[in-house]
Structures are given as C-alpha cells and as structure tokens.
Amino acid sequence: MKRPGPLLTLLAGLLLAVFMLSLNATTGVRNASSSRPRTPGTAPPASATPGKSTSPPSPSPSPSASPVPNADYAGRTDDDSSAVAVSLRDGRAIAYFCDGHDKESWLKGDVRDDGTLRLTGKNGAGLDGTLRDGRRIRGTVEFGGRHYAFTADKAVKPSGLYRATATVRGAELDGGWIVLPGGRQVGVLDRDGEPSAAPVIDPETGAVTVDGQKLTARPVTR
C-alpha cells in the first residue's frame, strides 16, 4: 500500500488547524458574554407589576389660601384719637376714618388673596392693613401727613359702618358713623365741605335727625 503523499498530509493538517481555531474563538466569545461582571451599584432591571403604573406619583396640590370673608370691622387707633371701620365684600374694601370732630376720610381698594389691603382716599389719604385669621384687621391710616396705627375687630350688628347723604335746606350733607363694639359712636357730618361732629344715630334703624329733618343712615357694604 502506498503512503499518503506529503501534499495530502499537509492539507489535512491545515484543515484540522482551521477547525480548532474556529472552535476556540466561538467558545471564548460565549464565555466572555456570560461572565461579564455587573457594574457595582447597578440593580438588575425590575419587571413591572401587571396593572400598576411605573410613573412617579404626582405631587399633592398645595392648599389654597383661605377666602377673604364678607364682614365688617371696627376699632380705634392706638392713640385713641380716632376710629376706623372697614367693610369687606367680594374682594373689595371700603373704609372710613374719623376723629368725631372735623377729620374724616373715605377710602377704597382691593383685598388680596393673602388678606392684605391697600386703600386710597382723597388728598393722599391711604390705609394699609392685614386681615388676621378673619377676626381683626391690623394696619395704619395715613391722613394729613400723620400715621395712625389701628386695630379693628370683627363687628357684630349693630356695630359697623354707616353713611347718610341728602340735601337739606339747600345744603349737601354727607355723614359717616362708626358704631364700635359696646355701642359707642364716632361720626362726622359734612355740610357743603364743612365737617363737624355728627349727631347720634339709632343703630337699630339708622334713624337720625339733621337740621330738623329725619334721615336714615344705612350700613356701608360697598
């Protein structure tokens, strides 16, 4: 029998070498993929629970500010020289400042949602205040170049703010009254631009007599 020639032997060796190299390469890739270390601190992906959302919970809405009440407030200045009354209705405010003799001012403005108010009147008059727990207003009135700090507590009828306007014997009358808790009254009556102390009203009915004529002072809400 003839032995395989050198060429056939060499060819068989080459085929065997190629087969072994291919087998080693495939095995190495598989082992490297399965043994790759996990990055420290990285958790395996968690599967979502069926029927549950993986989105983060929505933040709870912040509580809204307490609404400004429709109410009346009345009180005295810190130096006890004058009185202040404020009526709040639907986010608007009207106030009256007077000393019961010859100083007075009507002021108007808005009430902010946080309970602060900035009211203005004639001749540069102004009122800055803050509503506290709906029970009182603490603030300052600017009038005639002076500042008057005041506290006005929530008023219960008949306490509060009243006003009467009329023409009597050819004179234009405009009267304002503040009825304080306890029944004390402070008011000014303006006759054609001349202020003076106002006569007493009946707080239950608002009846008042001015220069012999009966008028009705009504609660101020706007």
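These lines cover the structure that appears in this document, whether it is placed above or below. Because the structure is predicted, anything quoted here is derived from the model rather than measured.

1. Description of the overall build of the protein
Helices and strands together make up the secondary structure of the protein, namely one helix and 15 strands. When burial is assessed residue by residue, the protein has 34% of its 222 residues classed as buried. Contacts in the protein between residues far apart in sequence, at least 24 positions, make up 38% of those at least 6 positions apart. Counting only carbon and sulfur atoms, one obtains 54% of the accessible surface of the protein, whose full area is about 14,500 Å².

2. Structural notes on the pairing of strand β12 (residues 194-197)
Bridge count for strand β11 (residues 185-191) against β12 is four bridges, and the pairing is antiparallel. Note that in β12 the partner of L189 across the bridge is S196. The hairpin turn running from β11 into β12, its antiparallel successor, is two residues long, and D192 in that turn takes a positive phi close to 50°.

3. Topic: the pairing of β11
Of all seven residues that make up β11, five are buried, and the element is covered over most of its length. Bridging between strand β10 (residues 171-179) and β11 involves seven bridges; their strand directions are antiparallel. Counted as the bridge partner of G175 is L189 from β11. Hairpin connection between β10 and β11: a loop of five residues separates the two successive antiparallel strands, and G182 in this loop has a positive phi of roughly 100°.

Rules behind the numbers
- Residues numbered from 1 in each chain as written.
- Predicted model: local features only at pLDDT ≥ 70, side-chain atom pairs only at ≥ 80, totals over all residues.
- Heavy atoms only, no water.
- Helix = DSSP H or I, 4+ residues; strand = E, 2+ residues; numbered from the N terminus.
- Buried < 20%, exposed > 50% of the residue type's maximum accessible area, 1.4 Å probe, protein only.
- Contact = heavy atoms within 4.5 Å.
- Areas by Shrake-Rupley, 256 points an atom, 1.4 Å probe, with all protein chains shown as cover.
- Pairing = 2+ DSSP bridges.

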